[in-house]
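Examining the three-dimensional arrangement
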Amino acid sequence: MRRAVLILGAAGFCASVPSVITPAAGQPGFNAPYIDVPSAVQRVAVFGSDDRRELPAAYQHLAQKIGVISDLVSRSQCTAFCLSGRVIATAAHCLFRTRDEALPDLRNFRFQLHGRPLASAARIAGAQSSASVAHVAAGSMSLSIRPPIEATKDWALVRLDVPACTAGGLPISQTTVDELASNASAQPVYQAGYHRDFRGERLALGGPCHVSRNFEHAGWKTISGDFSGSDQLILHSCDTGGASSGSPLLIEGANGPEVVGINVGTYVQSRVLMVNGAVAHRYQAENVANTGVSARLLQEALDTLELAQFLTTRTDMRELQLLLSGLGIYSGARDGLYGAASRSAIEAFERLEGRPTTGLATAGLLGRLRAHNVARAPVARAPTQAAIETGSVRGLALTSSAKSKSRP
């Protein structure tokens, strides 16, 4: 029996990723002089010889646009990168964990560029009013890491409380996954990110990476059956370590590096021998490839985050919940608090509209809901002459003389 799972590359997770990850048998040890291997921290997935290296001089500007997003309570870390002055991108599981894990408190998260003091780290917008989750656009808040694996929903855009990305953001490439896999883009793919096993936790550049649909341990027919939304899945051989989740996959554009994808985890297959319904033997798991999600999914969500006016009062959120409830797509509490149920209902309404799904609670959304509610209300029609009640006593079969006699 074959089993598949996505191993996530966030450092410090206690539930989804163990603190010590043992390399698969047969993988070479670290032999590059620029990599130190702490005894308690080992790599996640290295394919062949490790090609990660410190940023060359020509790529030093990336250090001004790629940083670390950390949960100060669980001490988990992921890579995150700037898309604009105050919007960053990372993997969704770095913020929301996976389907079987409790949601962390986003007020405890900080984004920090390398070399900047922690005191200058940015928080997620809305943290002071416990509304941080309302300032995150994500593919999912409840990811499945088993088939159907939701790697292509493992992306998140975060609006910061201050413009921490003073050097601006990395541009999003319009290169498609098919072009990457067929090498039609004629551009090699690189990865830039942080790795817990890399010396001094410095920003590392890896690549050029192999991008394909078929790998040694699995072909596309098998792979596509294990993933949902596989048309937006990037399978690559960029070497990764803990904390590399959320790191950008890059190609060279006309004006420098462009983001083609977000690295999220390692696709692993294992086989077990079943005898009378019980596992009799577990075979060695095989790392098939590292996985990423196409950056083309981010553009519309980025435009929304940049321009949106977010709801800031519980009164407005209650009205939003009430209107969504009236459409039959929200059944949660009308408490004025944004959460997973509110996000799902907003996404459902956006799908009804034929719009991109963002799940964001904005003033524009509330306005559209109000207009929709007015449009669906029954129209009060003007009565015809025959339907007007005049107070006639015709129903009593009284004659005109009788009417007159009845008057005082």
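Cut-off values and rules
- Residues numbered from 1 in each chain as written.
- Predicted model: local features only at pLDDT ≥ 70, side-chain atom pairs only at ≥ 80, totals over all residues.
- Heavy atoms only, no water.
- Disulfide = S-S within 2.5 Å.
- Helix = DSSP H or I, 4+ residues; strand = E, 2+ residues; numbered from the N terminus.
- Buried < 20%, exposed > 50% of the residue type's maximum accessible area, 1.4 Å probe, protein only.
- Phe/Tyr/Trp six-rings, centres within 6.5 Å; stacked < 30°, edge-to-face > 60°.
- pLDDT = per-residue confidence, 0-100.
- Contact = heavy atoms within 4.5 Å.
- Pairing = 2+ DSSP bridges.
- Salt bridge = Lys/Arg side-chain N within 4 Å of Asp/Glu carboxyl O.
- Axes fitted to C-alpha atoms, helices over the stretch in contact; angles between N-to-C directions.

Considering the state of the cysteines
In the structure shown here, the tally under the stated rule is three disulfides. Across the disulfide, Cys 82 is cross-linked to Cys 165 (sulfur-sulfur distance 2.1 Å). Taking the torsion about the sulfur-sulfur bond, which here is approximately -75°, the covalent link between Cys 82 and Cys 165 counts as left-handed. Of this pair, Cys 82 sits in strand E4 (residues 77-82) while Cys 165 sits in the loop between strand E8 (156-159) and helix H2 (177-182), placing them 83 residues apart in sequence. The exposure class assigned to Cys 165 is buried, which follows from its relative accessible area of 3%. The residue that forms a disulfide with Cys 209 is Cys 238, at a sulfur-sulfur distance of 1.9 Å. One quick way to see it: the torsion about the S-S bond of Cys 209 and Cys 238 is about 110°, and its sign makes the bridge right-handed. Taken together, the residues span a long stretch of sequence, with Cys 209 in strand E10 (residues 204-209) and Cys 238 in the loop between strand E11 (233-236) and strand E12 (248-253) at a distance of 29 residues.

Remarks on unusual backbone geometry
For the peptide bond that leads from Pro 147 to Pro 148, omega is -5°, which places it in the cis range. Structurally, the position occupied by Pro 148 is in the loop between strand E7 (136-138) and E8. Following Gly 207, the chain continues into Pro 208 via a peptide bond in cis, with omega recorded as 5°. Phi angles above zero are rare outside glycine, and Arg 75 is one such case at about 65°. Within the chain, Arg 97 stands out as a residue other than glycine whose phi angle is a positive 60°. With respect to the helices and strands, Arg 97 occurs in the loop between helix H1 (93-96) and strand E6 (109-113).

A closer look at the packing of aromatic side chains
This model, assessed by the stated rule, comprises two aromatic pairs. Judged by centre distance (6.4 Å) and plane angle (40°), the rings of Tyr 59 and Tyr 190 are tilted. Here Tyr 190 lies in strand E9 (residues 189-193) and Tyr 59 lies in the loop between strand E2 (53-54) and strand E3 (66-71), a separation of 131 residues in the sequence. Of the two residues examined, Tyr 59 and Tyr 190, each falls in the buried class. Note on Phe 227 and Tyr 267: the rings are 4.9 Å apart at their centroids and 70° apart in plane angle, and the pair reads as edge-to-face.

So, the confidence of the model for the protein
When pLDDT is averaged along the protein, the result is 81; 79% of the residues meet or exceed 70. This model gives residues 388-408 a pLDDT under 50, and the stretch forms three contacts once residues within four places in sequence are excluded.

Regarding the pairing of E4
E4 sits mainly inside the fold: five of its six residues count as buried. Looking at chain direction, E3 and E4 are connected through five bridges and run antiparallel. Following the sheet pairing, Gly 67 is matched in E4 by Ala 80. Counted along the chain from E3 to the antiparallel partner E4, the turn is five residues long, and its residue Arg 75 has a positive phi close to 65°. Here E4 runs beside strand E5 (residues 87-90); their pairing, made up of two bridges, is antiparallel.

As for the pattern of salt bridges
Throughout the structure, instances matching the rule amount to 11 salt bridges. Measuring nitrogen to oxygen at the nearest pair gives 2.8 Å for the salt bridge that ties Arg 52 to Asp 50. The same class applies to Arg 52 and to Asp 50, which are both buried. Here Lys 153 ties to Glu 150 by a salt bridge, and the two come within 3.8 Å at their closest N and O atoms. Three or more residues are tied together by salt bridges with common partners; here these are Asp 50, Arg 52 and Asp 197.

A word on the sheet that holds E8
Overall, antiparallel pairing links the six strands, which are arranged E6-E3-E4-E5-E8-E7 in an open sheet. Strands at the two margins of the open sheet, each flanked by one partner only, are E6 and E7. Averaged over all neighbouring strand pairs, the angle between strand axes comes to 30°, with direction disregarded. Pairing analysis gives five bridges linking E3 to E6, with the strands arranged antiparallel. In the sheet register, Asp 71 faces E6, and the bridge partner there is Phe 109. The sheet strands contacting helix H4 (residues 299-307) are E5, E7 and E8, and the helix crosses E8 at an angle near 15°.

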